[in-house]
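# Structural characterization, general
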Amino acid sequence: MTHIVESTHLTPTDSQTHNQRASFHDQEHVHIIIVGSGFSGLGMAIQLKQHGYQDFLVLERAADVGGTWRENTYPGCACDIPSHLYSFSFVPNPDWSHLYSPQPEILAYLRRCAERFGILEHIRFNCEMHQAMWQQNERHWHLMTTQGPLTADILIVGQGPLTEPAFPHLPGLEGFEGMLFHSARWNHNYDLTGKRVAVIGTGASALQFVPQIQPQVEQLMLFQRTPPWVLPRGNHKIAAWQRKLFRLMPFTQRFVRSILYWNHELAVVGFAYQPGVLKLASWRSQRHLQRLVADPLLRAKLTPHYTLGCKRVLVSDDFYPALTQPNVEVVTAPLREVRARSLLTEDGREYDTDVLICGTGFQVTNARFPHLVYGSDGRSLAEKWQMGINAYRGTTVSGFPNLFLLLGPNTGLGHNSIVFMLESQITYILDCLRTMKRREVQAIEVRAQSQEAFNQMIQQHMQNTVWTSGCASWYLDANGRNTTLWPDFTFSFWWQMRHFDAQHYHLLRRKKPLHEQTVVLPTSNTSSRKHIHRFNE
Ligand code: NAP
């Protein structure tokens, strides 16, 4: 039998351990639920724990932590932002082996973080969220998961934007009879040795795996739609003495991290303020191409025709050399269809192949999770976002109380470490939780006008940047609006996120139990207040 109870009694305090969760309508209730255990979810969980929160649960659909660094295992997979910067500031790793460390090392780092901060006991593995609905009466989230229902006061979505692989919309793709897989779901059981391999895409992923598989395969056909801008990578091993120094004197690693940070941050000057500065980077990239590719025909194919920075700028030292090898052909004619054992291009040529690898990126602006989250008016986030994806400071959405998005709309970066943005959001959420506790607030909801004003400001700022200079990229939605990138210096985001700005929110106070409620009695003296003690029936 369901019974209505004042929610005050049921909201667990931060000190409650997750073993002592209250039962809410016979369902398991947790104060905070985080969805995902990649960089975002783990970072949030670690900081919650560091700040004394115990009553939180992390839902992870897989059997391991790591998010995109667990899913992407293709050969050569590594970060393209230096490791000292692409890691938590609160968990420095003095042992990074390379400037750009490989995927297994990044995954091992995330696993260590989860273990070291006692996060594993908070993670429910193999548990996927199917639906989350805000219950306005009860002021909490009701979740359906593969392991049963849950309720939570706060829902934090840490599902990164690069989660769901995107396959190309090509006629006949389903009918391909050879081996077909996406770079983010690499088939390690299939041996590419001596095979004819077709690769679609020349993005960050393809740039990393093409040089790795090229020596192994008999023939590699690279289907390129848009040539990327590629800068020298300069990856190198971090010397043993340096690692020792970082371990013994952690401030030296912090120093390196800040140099790397400011170095990357400078790119915004060209991307958003002074396009002339990009000429230098374009020149470096062209020189890189000239130095590594002697054949003028191939060089012409690989020369980009859009402004550097409009799409993600890539870094590689081995991509161009791999393309000059005799077993490689760069195909620039657009693809028309996929046949049982071949690919057909618009110029009528047919390319026989045994394997088709799609390095075609991710579903960013049409991700799945907005379809799963329902706000106070019963509409899903996807419905709400039909007219355009946006959030307040990339984190909260009007109509969705107590919901926080990690790496939400317009928090992506084309120039610096996304972990910096993530940490800024975590600071903001922690301050919001503190404010809620201090002011006895049960639910917060960003004001629609504040969200709108914020997004107008973002889109206005975006207008004169390189990201809206005319190229097609995954940064843009179907209407050509850039809903993924932060269009400014990252320290300006950090500055905005230092404190929770309650004035932009509706704050719903925690209901008091009936017997403690204060009622103003109509008396001759209007200033007199009396406490009425009622008793629950
Ligand atoms: P991506 O950058 O979206 O690249 C997809 C590629 O597939 C593009 O070259 C695209 O061409 C091509 N493509 C898509 N559909 C096609 C079609 N129908 N026909 C022909 N070509 C098609 O994807 P990604 O390389 O996986 O990288 C995605 C993001 O992941 C990156 O931007 C980066 O943020 C992240 N990433 C990071 C790292 C890292 O080291 N940290 C490594 C890998 C990925 P167009 O350019 O013409 O659209």
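Conventions and cut-offs
Residues numbered from 1 in each chain as written. Predicted model: local features only at pLDDT ≥ 70, side-chain atom pairs only at ≥ 80, totals over all residues. Heavy atoms only, no water. Helix = DSSP H or I, 4+ residues; strand = E, 2+ residues; numbered from the N terminus. Rg over C-alpha atoms; globule rule 2.2 N^0.38 Å. Buried < 20%, exposed > 50% of the residue type's maximum accessible area, 1.4 Å probe, protein only. Contact = heavy atoms within 4.5 Å. Areas by Shrake-Rupley, 256 points an atom, 1.4 Å probe, with all protein chains shown as cover. Lys, Arg positive; Asp, Glu negative; His and termini not counted. Charge placed at Lys NZ, Arg CZ, Asp CG, Glu CD. Pairing = 2+ DSSP bridges. Axes fitted to C-alpha atoms, helices over the stretch in contact; angles between N-to-C directions. Phe/Tyr/Trp six-rings, centres within 6.5 Å; stacked < 30°, edge-to-face > 60°. Lys NZ or Arg CZ within 6 Å of the ring centre and 35° of its normal. Domains from an automatic or database assignment. Buried area = accessible area lost by both parts, 1.4 Å probe. Salt bridge = Lys/Arg side-chain N within 4 Å of Asp/Glu carboxyl O. Nonpolar A, V, L, I, M, F, W, Y, C, P; charged D, E, K, R; others polar. Near = heavy atom within 4 Å. Polar contact = N/O pair within 3.5 Å; in protein donor to acceptor, adjacent residues only side chain to side chain.

On to the overall build of the chain, then. On a plain count of helices and strands, the chain comes out with 14 helices and 23 strands. Here the C-alpha atoms of the chain give a radius of gyration of 26 Å, agreeing with the 24 Å that 2.2 N^0.38 yields for 537 residues. Over its C-alpha atoms, taken along the principal directions, the chain stretches across nearly 95 × 50 × 45 Å. Looking at the chain as a whole, 53% of its 537 residues are labelled buried. A separation of at least 24 residues holds for 71% of the contacts in the chain among residues at least 6 apart in sequence. Accessible area for the chain stands at about 24600 Å²; split by element, carbon and sulfur atoms hold 53% of it. Across the chain, the centroid of the 50 positively charged side chains sits 7 Å from that of the 44 negatively charged ones.

For the rest of this paragraph, the subject is unusual backbone geometry. A negative phi holds for most residues other than glycine; trans holds for most peptide bonds. At L407, a residue that is not glycine, the phi angle is positive and equals roughly 50°. Checked against the element boundaries, L407 lands in the loop between strand 19 (403-405) and helix 12 (418-438). You will see that E440, though not glycine, has its phi angle at about 55°, which is positive. Inspection of the secondary structure puts E440 in the loop between helix 12 and strand 20 (441-446).

With that out of the way, let us pick up the sheet that holds strand 15 (residues 342-345). Pairing is antiparallel across the open sheet formed by three strands, whose spatial order is 14-15-16. One side of each edge strand has no neighbouring strand; the edge strands of this open sheet are strand 14 (335-338) and strand 16 (350-352). Adjacent strand axes in the sheet meet at a mean angle of 25° when their direction is disregarded.

Aromatic ring pairs are described here by two measures, namely the spacing of the ring centres and the angle between the planes. One pass over the structure, following the stated rule, counts 27 aromatic pairs. Between F181 and W186, the aromatic rings sit 4.9 Å apart at their centres with planes inclined by 70°, giving edge-to-face as the arrangement. Ring centres of Y261 and F420 lie 4.8 Å apart, and the angle between their planes is 35°; this geometry places the pair in the tilted category. Here Y261 is found in helix 6 (residues 250-265), whereas its partner F420 is found in helix 12, with 159 residues between them in sequence. Accessibility expressed as a relative area gives 7% for Y261, which makes it buried. Grouped by ring-pair contacts, the aromatic residues F39, W69, Y86, F88, F90, W96 and Y109 constitute a single cluster. The ring of W495 has R498 lying over it, and the distance from NZ or CZ to the ring centre is 3.6 Å.

What follows concerns the domain arrangement of the chain. Partitioning the chain into structural domains gives domain 1 (28-164 + 364-509) and domain 2 (173-228 + 266-358). Relative to domain 2, the C-alpha centre of domain 1 lies at a distance of 31 Å. Roughly 2300 Å² of surface becomes buried between domain 1 and domain 2 when both sides are summed, with 56% attributable to carbon and sulfur atoms. Residue D80 pairs with R312 through a salt bridge whose shortest N-O separation is 2.7 Å. Partitioning the side of domain 1 that touches domain 2 into residue classes produces 14 nonpolar, twelve polar and three charged.

The side chains of a regular strand alternate, residue by residue, between the two faces of the sheet. One ladder, built from six bridges, connects strand 5 (residues 129-135) with strand 6 (residues 140-145); its direction is antiparallel. If you follow W134 over to strand 6, its bridge partner there is W141. Linking two consecutive strands that pair antiparallel, namely strand 5 and strand 6, is a turn of four residues; a positive phi of about 55° is found at R139 within it. Note that strand 6 and strand 7 (residues 148-157) share five bridges and pair antiparallel. The partner of T145 across the bridge, within strand 7, is G148. In this structure, the hairpin formed by strand 6 and strand 7 is closed by a connection of two residues.

Before going further, it helps to spend a moment on the site of the ligand. Lining the immediate surroundings of the ligand are 23 residues, of which A78, D80, S205, T226 and K311 lie closest. In the model, an oxygen atom of the ligand is placed 2.5 Å from a nitrogen or oxygen of the A78 main chain. The contact in question runs from an oxygen atom of the ligand to an N or O atom on the side chain of R225, over 2.9 Å. Notes on the ligand: free accessible area 910 Å², of which the protein chains cover 84%. It is helix 4 (residues 204-213) that provides the largest number of residues to the shell around the ligand, a total of three residues. Here the residues of the shell around the ligand sort into ten nonpolar, nine polar and four charged. Each of two domains, domain 1 (28-164 + 364-509) and domain 2 (173-228 + 266-358), supplies a minimum of three residues to the shell around the ligand.

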